[in-house]
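# Commentary on secondary and tertiary structure
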Amino acid sequence: MSAAPKTVLDVSPEEAAAIRAAVRAADLSQLGQGYVLASPAHVAGLVDLLSDPAVSDPIYDLPRPLTAGNIATLVEEARCAREVGEGLLVVLVDTAGRIASYSRFTVWPERSAAEIVGAYRADLQSVGVGKTGAARSFGWMFESLGVRLIGVTAALDNVRSAGVIEAAGFRPMGERDSVRPDGSVRRSLYWEGTREAWRQRMQSSR
């Protein structure tokens, strides 16, 4: 299960309410062409995407086994989370109609914080798409959802994800336990990034 970032920010009720409203009204076109909210129509495509161990094995919070029923439940949980401004499940559909990636955004409005978990299809990994997509997602979370803090994790041996996160300038903060839906624990590397540091990084790169 997702866990809020270690760092705790002071957040006013007004800021928390604004974040909830931003999540409910999220404009996915800002992420790029082809991004849409996951719906029951995407369940089969998500099962196809996640049935590849190269995609799903590193991800701790997926319901297992990866059956149509479990993925349908995941989609419905995401719909409910969106209604209260606490999460989004997003898929990227390519020009052939296949799901190229998925992203699950978990938001804690009262902490002005969020987490993202996701993956690209195996044929799109290690070609630079992940770094570009992650950077776009981080910026979108800070600027469109309005959170001030993002926490992210990766399995201890997940070199690819670690590289993507560190390329985005997130600060390593050691390790933490990530709890899977079945209650088991995965030890994970952990990073945090702030909106202020992100904006400074973007300005210096121009």
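Preceding this section is the structure that the text describes.
The structure reproduced in this document is the subject of the present report. What you are looking at is a predicted structure, and each value in this text was computed from that prediction instead of being measured. (Residues numbered from 1 in each chain as written. Predicted model: local features only at pLDDT ≥ 70, side-chain atom pairs only at ≥ 80, totals over all residues. Heavy atoms only, no water.)

### Examining the overall build of the protein
To be explicit about the condition: Numbering goes from the N terminus for both helices and strands, where a helix is a DSSP run of H or I of at least four residues and a strand is a run of E of at least two. A radius of gyration in this sense is built from C-alpha atoms; the matching globule rule multiplies 2.2 Å by the number of residues raised to 0.38. Only protein chains enter the area calculation, which uses a 1.4 Å probe; residues under 20% of their type maximum are buried, those over 50% are exposed, and those in between are partly exposed.
Broken down by element type, the protein carries seven helices and seven strands. A compact globule built from 206 residues would reach a C-alpha radius of gyration of about 17 Å, and the protein, at 16 Å, matches this within 12%. Considered along the principal axes of its C-alpha atoms, the protein spans approximately 40 × 40 × 35 Å. Classification of the 206 residues of the protein by burial places 44% in the buried group.

### Examining helix H4 (residues 68-83)
Put simply, the rule reads: For a helix, the expected span equals 1.5 Å multiplied by the residue count minus one. Note that the arc is computed from the directions linking the helix axis to the C-beta atoms. We call two residues in contact whenever any of their non-hydrogen atoms come within 4.5 Å of each other.
With 16 residues, H4 should reach 22 Å at 1.5 Å per residue; the first-to-last C-alpha distance of 23 Å fits that figure. Within the span of H4, buried status applies to Ile71, Leu74, Val75 and Ala78. One side of H4 holds all its buried residues, which, seen down the axis, span an arc of 95 degrees. In this fold, the buried residues of H4 make contact with helix H2 (43-50), strand E2 (87-93) and strand E3 (99-108). Just beyond H4, the residue with positive phi is Gly85, at close to 75 degrees.

### Details of the environment of Gln33
With respect to the element layout, Gln33 can be found in the loop between helix H1 (13-24) and strand E1 (35-37). A C-alpha to C-alpha distance of 8.7 Å links Gln33 and Val93, two positions 60 residues apart in sequence.

### A few points about the pattern of salt bridges
Using the following cut-off: A pair is scored as a salt bridge if a Lys or Arg side-chain nitrogen falls within 4 Å of a carboxyl oxygen belonging to Asp or Glu.
In the structure shown here, the tally under the stated rule is twelve salt bridges. Among the salt bridges present, the one from Asp48 reaches Arg98, with a minimum N-O distance of 3.8 Å. You can see Asp48 sitting in helix H2 and its partner Arg98 sitting in the loop between E2 and E3, a full 50 residues away along the chain. Residue class for Arg98 comes out partly exposed when judged on its relative accessible area of 43%. The partner of Arg187 in a salt bridge is Glu175, and the shortest N-O contact between them spans 3.1 Å. Of this pair, Arg187 sits in strand E7 (residues 185-194) while Glu175 sits in strand E6 (residues 171-179); the two residues are twelve residues apart in sequence, bridging distant segments of the chain. It is possible to trace a salt-bridge network through shared partners that takes in Arg20, Glu86 and Glu110.

### Regarding the nonpolar core
Counted only if it meets this: For our purposes a nonpolar core is just a set of buried Ala, Val, Leu, Ile, Met, Phe, Trp, Tyr and Cys residues, chained together by side-chain atoms within 4.5 Å.
If you look at the biggest cluster of nonpolar residues, it comprises 32 residues, and the most contacted ones within it are Phe138, Trp140, Met141 and Phe170. Every element with two or more residues in this core is listed here: H1, E2, E3, strand E4 (113-120), helix H5 (129-145), strand E5 (149-155) and helix H6 (159-167). Once residues within four sequence positions are removed from consideration, Met141 is found in contact with Phe105, Ala114, Glu115, Ile116, Gly146, Val147 and Ile150. Residues Val55, Leu62, Ile71 and Ile99 belong to the second largest nonpolar core, which totals 18 residues.

### What to know about the pairing of E7
Formally: When DSSP finds at least two bridges between two strands, those strands are taken to pair.
In terms of strand pairing, E5 meets E7 through seven bridges, oriented antiparallel. Counted as the bridge partner of Ala154 is Leu189 from E7. In this structure, E6 lies alongside E7, joined through seven bridges in antiparallel fashion. Considered in E7, the bridge of Glu175 is made with Leu189.

### Here we look at the packing of H2 against H4
How we decide: Fitting a line to C-alpha atoms yields each axis, with helices limited to the stretch in contact; the angle taken between N-to-C directions then spans 0 to 180 degrees. Roughly parallel refers to an angle under 35 degrees, roughly antiparallel to one over 145, roughly perpendicular to one between 65 and 115, and oblique to any angle outside these ranges. Crossing handedness: left-handed means the near helix sits turned counterclockwise from the far one by under a right angle, and right-handed means the same turn made clockwise. Residues were grouped as follows: Ala, Val, Leu, Ile, Met, Phe, Trp, Tyr, Cys and Pro as nonpolar; Asp, Glu, Lys and Arg as charged; and all remaining residues, including Gly, as polar.
One can describe the packing of H2 onto H4 by two numbers: an axis separation of 9 Å at closest approach and a directional angle of 115 degrees. In terms of their interaxial angle, H2 and H4 are classed as roughly perpendicular. The handedness of the crossing between H2 and H4 is right-handed. Seen from H2, the contacting residues are Val43, Leu46, Val47 and Leu50; seen from H4, they are Ala68, Ile71, Ala72 and Val75. Residue composition of the contact of H2 with H4, by class: eight nonpolar, no polar and no charged.

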